[in-house]
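# Survey of secondary and tertiary structure
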Amino acid sequence: MKIKKIIVGIVVLIVFAGLIIFVKAIASKARSGKAAAPAVQVKKGMKKPAAQKVISKGKGALTVRIVNSKNVGIPMRIKAFRVIDGRSSIYTASFVGGRMQEVVPGTYDLEVDSVPQKIFKNIKVAEGKETVEDLGCVMGSITVKALNAKKAAAYYPMRVLYSNTNDMVTAYMTNKTMEIVPGVYDIEIGTSPRLYKKNIKIVSGKETILNLGCVVGSLMVKTVNENGNNVRLSVRITRADTNEVISSAVSNKPVDLGKGTYNIEVLSSPRQHKKGVSVNLGEESVVDFVINTPVPSKKSAKSAVRIKQQ
């Protein structure tokens, strides 16, 4: 009888222990479910909170925003100079637009790597804070369109100058769009002779299109010998009115020239000339020269015989 009672007691204890373990497991799951609930409570369409930017102790932060002539943000290169006094500032850091840069708290002058470079003064940066300086659009743009003698887009070199000076701002190319600081400029196009356009105004946030149309004609200097075979020689082209050398070229190859009247000199032996050759825009002018083969002198003929005999 005693043995039966002992066995029953053991069974009761085992059941009771199992019940306790089961209850603890349910309670643990309930707690974990409650803890995880906040992590999934993000409704669709809601923006996630922006990550807080960490700024080093004793520093401030500067972010510079710049857009181009099409109102698109660009990572333009920037140099920051810390103001020392009313007359001077010292270089501190280089960074790009749209990115935060840590600097020592203070007042700064910013040099933006635009064309030409532009300086923005007295930007204040406080300790522990991010200063966002929105410079907006600091540029306009210009496209100089030009056609060659065949009425196709021509990519001539060009120089942009400060108005009424010979001081160059930058070099570029026709039929390509260039971003530049608003202002008034002169443009020099590298045709032969050079073509100038004065007082071209560039407006912030706008594109200026300078359509020149066809700016050149074509000149072909043909040189052949008595048998009609091509002979390649050097050619010098000068303006008929000033005798200024416009181009040094090679014969039997077309040369693009601006509209005008020219003198042609073929560097044969002896030299040959033609004056008053007209070139019109979009047209090809042809000038023909017959080059006589030099007759060897008696002395040179005797020398040739001696060389053969030797």
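Residues numbered from 1 in each chain as written. Predicted model: local features only at pLDDT ≥ 70, side-chain atom pairs only at ≥ 80, totals over all residues. Heavy atoms only, no water.

Residues with a pLDDT of 70 or more make up 78% of the protein chain, whose mean pLDDT is 86. Here residues 33-46 scores under 50 on pLDDT; set against residues more than four positions off or in separate chains, the count is zero contacts. (pLDDT = per-residue confidence, 0-100. Contact = heavy atoms within 4.5 Å.)

A word on the sheet that holds strand β4 (residues 101-103). Across a sheet, strands are paired by hydrogen bonds formed along the backbone, either parallel or antiparallel in direction. One open sheet holds the three strands; their spatial order is β4-β1-β7, and the pairing between them is mixed. Two strands in the sheet have a free side with no partner beyond their single neighbour: β4 and β7 (130-137). Going from strand to strand, the sheet's axes swing by 30 degrees on average, the running direction of each strand aside. Bridge count for strand β1 (residues 60-67) against β4 is three bridges, and the pairing is antiparallel. By the bridge assignment, leucine 62 is partnered in β4 with glutamine 101. (Pairing = 2+ DSSP bridges. Helix = DSSP H or I, 4+ residues; strand = E, 2+ residues; numbered from the N terminus. Axes fitted to C-alpha atoms, helices over the stretch in contact; angles between N-to-C directions.)

Let us now look at unusual backbone geometry. Residue proline 193 is bonded to the preceding serine 192 through a cis peptide linkage, with omega at -5 degrees. You can see proline 193 is positioned in the loop between β12 (183-189) and β13 (195-202). The linkage connecting serine 269 with the following residue, proline 270, adopts the cis geometry, with an omega of 0 degrees. Unlike most non-glycine residues, lysine 151 shows phi in positive territory, near 65 degrees. With respect to the element layout, lysine 151 can be found in the loop between β8 (140-147) and β9 (157-162).

Looking now at the sheet that holds strand β15 (residues 217-224). Spatial ordering of the open sheet is given by β18-β15-β21, a layout of three strands whose pairing is mixed. Two strands lie at the open edges of the sheet, namely β18 (255-257) and β21 (284-290), each paired on one side alone. Sheet twist, expressed as the mean angle between neighbouring strand axes with direction ignored, is 30 degrees. Direction of pairing for β15 relative to β21: parallel, over a ladder of seven bridges. Bridge pairing links threonine 223 to phenylalanine 289 in β21.

As a further point, take the pattern of salt bridges. Counting across every chain of the model gives seven salt bridges. Close ionic contact of glutamate 188 with arginine 159 constitutes a salt bridge, the shortest N to O distance being 3.0 Å. Of this pair, glutamate 188 sits in strand β12 while arginine 159 sits in strand β9; the two residues are 29 residues apart in sequence, bridging distant segments of the chain. For glutamate 188, a relative accessible area of 6% corresponds to the buried category. Arginine 159 sits in the partly exposed class, given a relative accessible area of 24%. One salt bridge in this structure joins arginine 236 and glutamate 265, with 3.1 Å as the shortest N-O distance. Separated by 29 residues along the polypeptide, arginine 236 in strand β16 (residues 234-239) and glutamate 265 in strand β19 (residues 260-266) bring together distant segments of the chain. (Salt bridge = Lys/Arg side-chain N within 4 Å of Asp/Glu carboxyl O. Buried < 20%, exposed > 50% of the residue type's maximum accessible area, 1.4 Å probe, protein only.)

Attention shifts here to the nonpolar core. Among the nonpolar cores identified, the biggest contains 21 residues, and Ile142, Val144, Tyr156, Ile180, Tyr185, Ile187 and Ile189 are the most heavily contacted of them. For this core, the secondary-structure elements that each account for two or more residues are β8, β9, β11 (177-180), β12, β13 and β14 (207-214). In contact with isoleucine 187, not counting residues within four places along its chain, are Ile142, Val144, Met158, Arg159, Leu195, Tyr196, Lys197, Ile200 and Leu210. Counting 18 residues, the second largest nonpolar core, distinct from the first, contains Leu62, Ala80, Val112 and Met139. (Core = buried A, V, L, I, M, F, W, Y, C linked by side-chain atoms within 4.5 Å.)

When you line up the elements, aspartate 167 lands in the loop between β9 and β10 (168-173). On the basis of relative accessibility, which here comes to 47%, the residue aspartate 167 falls in the partly exposed class. Put simply, aspartate 167 and aspartate 186 are 19 residues apart on the chain and 9.8 Å apart in space, counted from C-alpha to C-alpha. Look past the residues within four positions of aspartate 167 in its chain and what remains in contact with it is Val160, Leu161 and Tyr162.

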